[in-house]
Amino acid sequence: MLGLTMLGAAAAAGATVVAADPRVARAATSTFVPAVVVGSGYGASVSALRLGAAGVRTLMLEMGQLWNTPAADGNVFCTMVNPDQRAMWFKTMTEAPLDTLLWLPVINKQINSYAGVLDRVDFPNMKVYVGRGVGGGSLVNGGMAVTPTKDSFPDILPGVDVDEMYTTYYPLANRMLGVNSVDPNWWNTTDCYQFARVGRDDAAKAGFSTAFVPNVYDFDYMEQEALGQVPKSALNCEVIYGNNHGKRSLDKSYVPAALGTGNVTLKTLTKVTGIGRNADGTYAVNTSTVDTNGNTTSSQTVNCKYLFLGAGVLGTMNLLLQARETGTLPALSQQFGQNWGPNGNIMTARANWKPTGSVQSGMPTLGIDARNQAVPVFAEIAPMPANFELFISLYLAITKSPERGSFSYDPTSGQARLNWGPSQKDFAENAAKTLFDKVNAANGTIYRYDLFSGNRAFGDDFCYHPLGGAVLGSATDMYGRVPGYPGLYVNDASLIPGWTGVNPFVTITALAERNMARVIPTDNITN
Ligand code: FAE
């Protein structure tokens, strides 16, 4: 794997002298670039592309690595059934969401500590999964690219122009991300979606309909995998530790488009450790660069006129709360850190007596659509690829839970800490249970208690979809601008107040596109 990588034509220009705010601890070396984007996930890569396309010299800083170099086994990523150090971000054990199988600790494996692709950040009562590397969550996610129903949108992002989103920004996001749909004829006959057909039939028996969902995985490629014509990825147990083929993650869409403008530079394995403001109104961005073993190789302060935070909810919260509480950005409002939600995520599994298939595509294509219920639920029918028959029906439910958490700053660790109480899972869990109790009753099946530690039927203490903390129109203005700090923007999942009704990345992307289309011309963002 690459160590430090600088890509793109527009390396940060030479040092510019600024009158330093004494509260911002500076690195020995400093440089200036007009715009800095923190992170390289959905919000960040949209920001970088649109800045670059507008001619603004921009530096993208990503703490993970660029995943483009095969390791000794010839593959960039490892599989889920045979994980190694590439799986996790500086962990010595993998942390797959299912703890055990038949109560046996056979799922997670010991690994070497390394700058791997999946991270799990643990807080009391809630563990948050995130992707690490160029492309952020797009590297590890299930690729489900779902546009919410127009009716539900006012509840998702109150105050945002619905028509503009559905006529302009959702179509743009879908096009840029390379969203495509499975051929229903192929889906109906292929072995690798037997688990989904069983899930559909079981739901129908309980009176629930299902809906196909698009994906960014190339379904033509998947069909060729099934025919044995190309190297397998979705059909080779690859998802949460990365896909070697087939998936249009951001490092294959937005990020090369941003670099292709000639104005964007990407620096990897480089973490932003603190932000502050200089006396001349520019921002000071402190960075630390590591090698793949975690050894610090350099540190630098980058000064910029425009600072876009796209570090994902946890990364953006860390930077903003640290800045507010240590006084480097003291005027940040108390709204930063509020209104966090896990998109009502609950995972559960049923013990099926019908075979669900020994070969399962890692990419989900179908959801149980109970969005018209008193408590709306959209339950993705998830694969559990293992290369042998498990008789398991697995689901990730997205429920409309009103529960919200908040972040506070922990001065000891220098990190934002998520406050989420032990009973805050209950609403979402009850909504999922109401639905799956009916599915079980209609099919003569029961829950699996052997997959989540502590004999639990519900994985209710982790989420894949963290949302909120810097909510649009509350912490920021309606376009992600940070009040009191001209030139400082938030543009990632932190803007969305806790729930999107479906899987969130198309909404994060569309919203980021909308925000950039407004702020670049209106704020006269130039070099
Ligand atoms: P995100 O993609 O998280 O990117 C943030 C980036 O910033 C990361 O690359 C970080 O390494 C980097 N970063 C953080 N802090 C710093 C720092 N201080 N300095 C430099 N870099 C930093 O942000 N969503 C769907 O819509 N469909 C799915 O099928 C789906 N499946 C998922 C499955 C899994 C296992 C996971 C973990 C997530 C899944 N998601 C899915 C959620 C989706 O990936 C997530 O909502 C987005 O990735 C969030 O996008 P952001 O732009 O907020």
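Here the structure is a predicted model, which means the values were calculated and not measured. (Residues numbered from 1 in each chain as written. Predicted model: local features only at pLDDT ≥ 70, side-chain atom pairs only at ≥ 80, totals over all residues. Heavy atoms only, no water.)

K.L.:
Which parts of the structure should I look at to understand the pattern of salt bridges?
P.N.:
A pair can form between side chains of opposite charge whenever their charged atoms are brought close. This model, assessed by the stated rule, comprises 25 salt bridges. Across the salt bridge formed by E513 and R50, the nearest N and O atoms sit 2.7 Å from each other. Placement of the pair is E513 in helix α10 (residues 505–522) and R50 in helix α1 (residues 42–53), with a sequence separation of 463 residues. Judged by its relative accessible area of 23%, R50 falls in the partly exposed class. A salt bridge links K91 to D119, with the nearest nitrogen and oxygen atoms 3.3 Å apart. Placement of the pair is K91 in the loop between β4 (58–61) and β5 (118–123) and D119 in strand β5, with a sequence separation of 28 residues. With respect to class, K91 is no different from D119; both count as buried. Salt bridges sharing partners connect three or more residues here, namely K91, E95, D119, R120, D122 and R132. (Salt bridge = Lys/Arg side-chain N within 4 Å of Asp/Glu carboxyl O. Helix = DSSP H or I, 4+ residues; strand = E, 2+ residues; numbered from the N terminus. Buried < 20%, exposed > 50% of the residue type's maximum accessible area, 1.4 Å probe, protein only.)

K.L.:
Honestly, the packing of helix α3 (residues 162–177) against α10 in this entry has me stumped. Any pointers?
P.N.:
Each pair of packed helices can be described by the angle between their axes along with the distance between the axes. As a packed pair, α3 and α10 sit with axes 8 Å apart at the nearest point and diverge in direction by 115°. When the interaxial angle is binned, α3 and α10 end up roughly perpendicular. Of the two elements, α3 crosses α10, and the hand of that crossing is right-handed. Of the residues in α10, those touching α3 at E164, M165, Y169, Y170, L172, A173, N174, M176 and L177 are F505, V506, T507, T509, A510, L511, E513, R514 and A517. Looking at the contact of α3 with α10, its residues break down into 12 nonpolar, three polar and three charged. (Axes fitted to C-alpha atoms, helices over the stretch in contact; angles between N-to-C directions. Parallel < 35°, antiparallel > 145°, perpendicular 65-115°, else oblique. Left-handed = near helix turned anticlockwise from the far one by under 90°. Contact = heavy atoms within 4.5 Å. Nonpolar A, V, L, I, M, F, W, Y, C, P; charged D, E, K, R; others polar.)

K.L.:
It is not clear to me how the packing of helix α5 (residues 194–205) against helix α9 (residues 426–443) should be interpreted in this structure. Could you clarify?
P.N.:
Interhelical geometry of α5 versus α9 gives an angle of 90° and a closest axis separation of 8 Å. One element, α5, and the other, α9, form an angle in the roughly perpendicular class. Of the residues in α9, those in contact with D202, A203 and K205 of α5 are V439, A442 and N443. In terms of residue class, the contact of α5 with α9 is built from three nonpolar, one polar and two charged.

K.L.:
Would you mind going over the site of the ligand with me for this structure?
P.N.:
Surveying the vicinity of the ligand reveals 36 residues, the closest of which are E62, G137, M144, V272 and F505. At 2.9 Å, a backbone N or O of G137 approaches an oxygen atom of the ligand. At a separation of 2.9 Å, a nitrogen atom of the ligand approaches a polar backbone atom of V272. Sort the elements by how many residues they give to the shell around the ligand and strand β9 (residues 270–277) lands first, with three residues. (Near = heavy atom within 4 Å. Polar contact = N/O pair within 3.5 Å; in protein donor to acceptor, adjacent residues only side chain to side chain.)

K.L.:
Got a minute to help me understand the pairing of strand β11 (residues 296–304) in this structure?
P.N.:
The two faces of the sheet receive side chains in turn, since in a regular strand these alternate between them. Pairing between strand β2 (residues 29–32) and β11: four bridges, direction parallel. Bridge pairing in β11 places T29 opposite Q300. Relative to β11, strand β10 (residues 283–290) is paired through eight bridges, and the arrangement is antiparallel. Bridging across to β11, T287 finds its partner in Q300. (Pairing = 2+ DSSP bridges.)

K.L.:
What is the right way to read the UniProt feature "domain: Glucose-methanol-choline oxidoreductase C-terminal" (unreviewed entry) in the chain from this model?
P.N.:
Sequence positions flagged by UniProt for "domain: Glucose-methanol-choline oxidoreductase C-terminal" (unreviewed entry) are, in local numbering, residues 463–512. In the segment residues 463–512, helix accounts for 16% and strand for 14%; the C-alpha atoms at its two ends are 22 Å apart. (UniProt positions renumbered as here; feature names shortened; annotations may be inferred.)

K.L.:
Would you take a moment to explain α3 for this structure?
P.N.:
Think of an α-helix as turning once every 3.6 residues; residues three or four places apart then point the same way. Along its length, α3 shows its largest kink, about 35°, at Y169, and proline P171 lies within four residues downstream of that point. Listed as buried for α3 are M165, Y166, Y169, Y170, L172, A173, N174 and L177. Summarising the contacts, the buried residues of α3 are in contact with α1, α2 (153–156), α7 (254–260) and α10. Directly beyond the C-terminal end of α3, a positive phi value near 75° is found at G178. (Bend = angle between axes of the 7 residues up to and from the residue.)

K.L.:
For this particular structure, what's the right way to read the sheet that holds β5?
P.N.:
Within a beta sheet, neighbouring strands are joined by backbone hydrogen bonds and run either parallel or antiparallel to one another. Strands sit in the order β5-β6-β22 across an open sheet of three strands; the sheet is mixed. Edge strands, defined here as strands with exactly one partner in the open sheet, are β5 and β22 (462–463). Relative to β22, strand β6 (residues 126–131) runs parallel, the two sharing two bridges. Bridge assignment links K127 to a residue of β22, and that residue is F462.

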